[in-house]
Number of protein chains: 2
Amino acid sequence: MELRTIGYFVAVADAGSVSAATRLTHITQPSLSRQLRQLERELGLELFTRQDGRLTLTPAGRQFLPVARDLLSRADATRAAAARIRAGSLPTVTVAAPAVTLNDIVAPFFATFGPDDPMPRVLPLDASDEYGALDRGADLVIGTRPPSGTTARTPLASFPVNAYVRADHEWAGRREVTLAELVEHDLLVPTPESHARRAFDAAVETAGLPVRLTEFSSSQVAQAVAAAGRGIAVVSDDPRYDLVRLLVTTGSGDVLRIGLHAAWSPHHHGAAHLAVLVQRLRRFVRDRYDQPR
Amino acid sequence: MELRTIGYFVAVADAGSVSAATRLTHITQPSLSRQLRQLERELGLELFTRQDGRLTLTPAGRQFLPVARDLLSRADATRAAAARIRAGSLPTVTVAAPAVTLNDIVAPFFATFGPDDPMPRVLPLDASDEYGALDRGADLVIGTRPPSGTTARTPLASFPVNAYVRADHEWAGRREVTLAELVEHDLLVPTPESHARRAFDAAVETAGLPVRLTEFSSSQVAQAVAAAGRGIAVVSDDPRYDLVRLLVTTGSGDVLRIGLHAAWSPHHHGAAHLAVLVQRLRRFVRDRYDQPR
DNA sequence: CGATGTTACGTGATACGTAACAATT
DNA sequence: AATTGTTACGTATCACGTAACATCG
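Bear in mind that the values here come from a model prediction, so they are computed numbers and not experimental data.

**Remarks on the protein's contact with DNA strand C**
- Taken together, 23 residues lie near DNA strand C, and Ser19(B), Gln29(B), Ser33(B), Arg37(B) and Arg50(B) sit nearest.
- Among all atoms of DNA strand C positioned within 4 Å of the protein, those belonging to sugar or phosphate total 67%.
- One nitrogen or oxygen atom from the side chain of Gln38(A) is found 3.4 Å from a phosphate oxygen belonging to DNA strand C.
- Within the side chain of Ser19(B), an N or O atom sits 2.5 Å from a phosphate oxygen of DNA strand C.
- When residues of the surface near DNA strand C are traced back to their parent elements, those giving at least two are helix H1 (3-15) and helix H3 (29-43) of chain A together with helix H2 (18-25), helix H3 (29-43) and strand E2 (54-57) of chain B.
- Residue composition of the surface near DNA strand C, by class: six nonpolar, ten polar and seven charged.

Written out as structure tokens, the structure is:
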């Protein structure tokens, strides 16, 4: 039983005769006649009675006809679905990102979606192999490392890593502090999953500096402890407890920043839509976090 | 796009590789590989990416997969429907009969149907070509003529044609009256579509007798007029207005009766169910109309 | 090497068209 | 005669299997 043969059956039933159905099927009458008989043999049903040199639907055929029609309409729907995909439709979009990013950035962005936007789905990432998620169901990956390989990419935003000190600290009047200066103190940092921590760890490792870290599961708690004068909080969020913000500069003089990058496959069938979506996300992030540039 | 190729796609997606899918499809790996590529060309979709000597679903393929699965499940449903028909299922049963019979007999019978019985449908018949309805959608025909041809048949019941006279009529003490006697009087008859009228007309025509008929669209009105002494009502229903019932005998001495016959195709896929249904109908009619024999 | 998937080539099945036939109207 | 559907026969297509090749772990 194939779609073709089912189509032949419906054509004959609709046209009322094999001869008339040839106009619908574009095959010759004997071929059509044979296919029909074979379908009957295959299904084990007598769909038509042959009498008086004519075909008339049997009750079995009459009962099977709507079933056959339904199957054909599903086949049409399948072809239509393929066409929509080909045209780049995105009924759902799956965004993969570290859990922190999903909560802090992706989720608020999804909250701005309208009814015509795709249904958002989400895929939490473990730190390693961020962009491999593109092969495991993600349409879009938001990562902190610049994507490698043949992915399309857009830098979304970058957030400075802040070192927060008390207003009575000796650095309170400065705007920046070097990494080398910083590691001389007790540092209050969030967990290794956080963006700030990862950026900080990477910079420290590059510089080969020893550090004394105290880890907090919440960066706000880290700030509170800094406000108590027990160390310097190195976090990425906004200041609390009247703490003073210092930017952190690396050995090469750059300000230590957390980069957020969006990546997707340029061969994705909805790549155009994805690019638009990423632009919206970029604008959203910059508006929300008041980014420069 | 055929069911076979769609099945190949789903098999490969499920198995994770072409090689593994050969266990599901029972064709060799190169053939499967080719069919898959052809499906991609036909749909215009890149369902898998070929990289690292492996296939991985693209977002397009991931989006198409549930659609393909749905089509296959519909195909299974279609095959299952064919199997049910083959086994003789009757989700609906279409009974064809003259409108009078549908109202007076078939409809009350349908009222006794339980939830497991087929959904009843109905097809009004014109008097001529009663049993031709079997080719126009009827599973079962209830007719007044004995069916001809190769149909399966069961006599359902027969109702006498009654001649109703007033209690003060000269015939009031008799049980029967001959057709020849009857036609000497003014006769009050129902419309030509009714069973009684048709049986009466046929008998009269056979006997070659002249008649004086007054036609009423309701046999109860005919009885009322007979009660008024304006003629003899020749109808098939039960007496009213204290009229006296006489059976009508033909020239050959038989009592004039209306026969009801059920007919269906012995090749009908649900012929067994139909036979049972007809037996129920027969019992129903006899119980309800208190038939002899 | 042992997986993978693709390409090449030959074969068998089969869907198809042309032609001839049979049966009704 | 004109229409219907079936049978017969030859052909072209196409799905399939075997084999050889390419690539990656």
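**Notes on the domain arrangement of chain A**
- Splitting chain A by domain gives domain 1 (3-86), domain 2 (92-158 + 258-288) and domain 3 (162-255).
- Summarising the inter-unit geometry, the C-alpha centres of domain 1 of chain A and domain 3 of chain A are found 74 Å apart.

**Points about the UniProt feature "domain: HTH lysR-type" (unreviewed entry) in chain A**
- Taking the numbering used here, the UniProt-annotated feature "domain: HTH lysR-type" (unreviewed entry) corresponds to residues 1-58 of chain A.
- Secondary structure across residues 1-58 of chain A divides into 62% helix and 14% strand, with the first and last C-alpha atoms of the span separated by 19 Å.

**With respect to the nonpolar core**
- Membership of the largest hydrophobic core comes to 57 residues, with the highest contact counts inside it found for Phe9(A), Phe48(A), Phe64(A), Phe9(B), Phe48(B) and Phe64(B).
- Of the residues forming this core, the biggest block, nine residues, is contributed by helix H4 (residues 59-86) of chain B.

**Some words on the packing of helix H1 (residues 3-15) of chain B against H3(B)**
Residues and elements named next belong to chain B.
- Two numbers describe how H1 lies on H3: the axes approach to 9 Å, and their chain directions differ by 110 degrees. By the angle between their axes, H1 is roughly perpendicular relative to H3. Contacts from Arg4, Thr5, Ile6, Tyr8, Phe9 and Val12 of H1 reach H3 at Leu32, Gln35, Leu36 and Leu39.
- Residues that form the contact of H1 with H3 fall into these classes: seven nonpolar, two polar and one charged.

**As for the interface of chain B and chain A**
- Counting residues at the interface gives 36 residues for chain B, matched by 36 residues for chain A.
- Linking chain B to chain A there are two salt bridges.
- A salt bridge links Arg74(B) to Asp70(A); its shortest N-O distance comes to 2.7 Å.
- Our count for the contact surface shared by chain B and chain A stands at 18 residue pairs in polar contact (both at pLDDT 80 or more).
- Elements with a minimum of two residues in the side of chain B that touches chain A: H1 and H4 of chain B.
- The dominant element in the side of chain B that touches chain A, judged by the number of residues it contributes, is H4(B), at 16 residues.
- Along the lines of polarity and charge, the residues of the side of chain B that touches chain A split into 15 nonpolar, ten polar and eleven charged.

**With respect to helix H7 (residues 195-207) of chain B**
Residues and elements named next belong to chain B.
- Between its terminal C-alpha atoms H7 stretches 18 Å, which fits the 18 Å expected from 13 residues at 1.5 Å a residue.
- Those residues of H7 lying buried are His195, Ala196, Arg197, Arg198, Ala199, Phe200, Ala203 and Val204.
- Where H7 begins, one side-chain oxygen reaches toward the backbone nitrogen of Arg197, 3.2 Å away; that side chain belongs to Ser194.
- Gly208 sits one or two residues past H7 and shows a positive phi near 70 degrees.

**Topic: the packing of aromatic side chains**
Residues and elements named next belong to chain A.
- The full count for this structure, using the stated rule, is twelve aromatic pairs over all chains.
- Pairing Phe109 with Phe110 gives two aromatic rings, centres 6.4 Å apart and planes at 35 degrees, and the pair type is tilted.
- You can call Phe109 buried: its relative accessible area is 4%.
- The exposure class of Phe110 is buried, given its relative accessible area of 15%.
- Between the aromatic rings of Phe110 and Phe113, the centroid separation amounts to 5.2 Å while the plane-to-plane angle is 65 degrees, which identifies the pairing as edge-to-face.
- By relative accessible area, which is 15% here, Phe113 ends up buried.
- Through a chain of ring-to-ring contacts, the aromatic side chains of Phe109, Phe110, Phe113 and Phe284 assemble into a single cluster.

**Let's talk about the side chain of Ser158(A)**
- Tracing the sequence through the fold places Ser158(A) in strand E6 (residues 152-160).
- A polar contact of 2.7 Å, which involves the side chain of Ser158(A), links it to the side chain of Arg257(A).

**Describing the protein's contact with DNA strand D**
- Around DNA strand D there are 22 residues in total, and Ser19(A), Gln29(A), Ser33(A), Arg37(A) and Arg50(A) lie nearest to it.
- Near-protein atoms of DNA strand D (within 4 Å) split between backbone and bases, with sugar and phosphate holding 65%.
- Within the side chain of Arg50(A), a nitrogen or oxygen atom sits 2.5 Å from a phosphate oxygen of DNA strand D.
- Arg34(B) places a polar side-chain atom, nitrogen or oxygen, 2.8 Å from a base oxygen of DNA strand D.
- Listed by contribution, the elements that provide at least two residues to the surface near DNA strand D are helix H2 (18-25), H3 and strand E2 (54-57) of chain A together with H1 and H3 of chain B.
- Broken down by element, the residue count for the surface near DNA strand D peaks at five residues, all from H3(B).
- Its residues assigned to classes, the surface near DNA strand D shows six nonpolar, ten polar and six charged.

About the cut-offs
- One numbering rule holds for all chains: residues counted from 1, following each sequence as written.
- Lettering for chains starts from A, numbering for ligands starts from 1, and both go in the order in which the items are written.
- Owing to the predicted nature of the model, reporting of local features is limited to residues with pLDDT of at least 70; listing and counting of side-chain atom pairs is limited to 80 or more, with chain, interface and lining totals taken over all residues.
- Note that water and hydrogens are dropped before the side-chain values are worked out from all heavy atoms of the structure.
- The rule for a residue being near a molecule or strand is that one of its heavy atoms must lie within 4 Å of it.
- Pairing of N or O atoms within 3.5 Å defines a polar contact, subject to two protein rules: one partner must be a possible hydrogen donor and the other a possible acceptor, and residues neighboring in sequence count only if both atoms are side-chain atoms.
- What counts as a helix is a DSSP run of H or I of at least four residues, what counts as a strand is a run of E of at least two, and both are numbered from the N terminus.
- Put simply, Ala, Val, Leu, Ile, Met, Phe, Trp, Tyr, Cys and Pro go in the nonpolar bin, Asp, Glu, Lys and Arg in the charged bin, and everything else, Gly too, in the polar bin.
- For each domain, the first and last residues come from an automatic or database assignment.
- UniProt positions are given in the numbering used here, feature names are shortened, and annotations may be inferred rather than shown by experiment.
- We call a set of buried residues a nonpolar core when its members are Ala, Val, Leu, Ile, Met, Phe, Trp, Tyr or Cys and they connect through side-chain atoms within 4.5 Å of each other.
- Type-normalised accessible area, obtained with a 1.4 Å probe on protein chains alone, sets the label of each residue: buried when under 20%, exposed when over 50%, and partly exposed for intermediate values.
- Only the stretch in contact is used when a helix axis is fitted, and all axes are lines through C-alpha atoms; the angle between N-to-C directions ranges over 0 to 180 degrees.
- Roughly parallel refers to an angle under 35 degrees, roughly antiparallel to one over 145, roughly perpendicular to one between 65 and 115, and oblique to any angle outside these ranges.
- Residue contacts are defined here by distance: any two heavy atoms, one from each residue, within 4.5 Å place the two residues in contact.
- The term salt bridge refers to a pairing of a side-chain nitrogen on Lys or Arg with a carboxyl oxygen on Asp or Glu at a separation within 4 Å.
- A helix is expected to span 1.5 Å multiplied by its residue count minus one.
- By convention, a stacked pair of Phe, Tyr or Trp rings (six-membered ring in the case of Trp) has centres within 6.5 Å and planes under 30 degrees apart, an edge-to-face pair has planes over 60 apart, and any other such pair is tilted.

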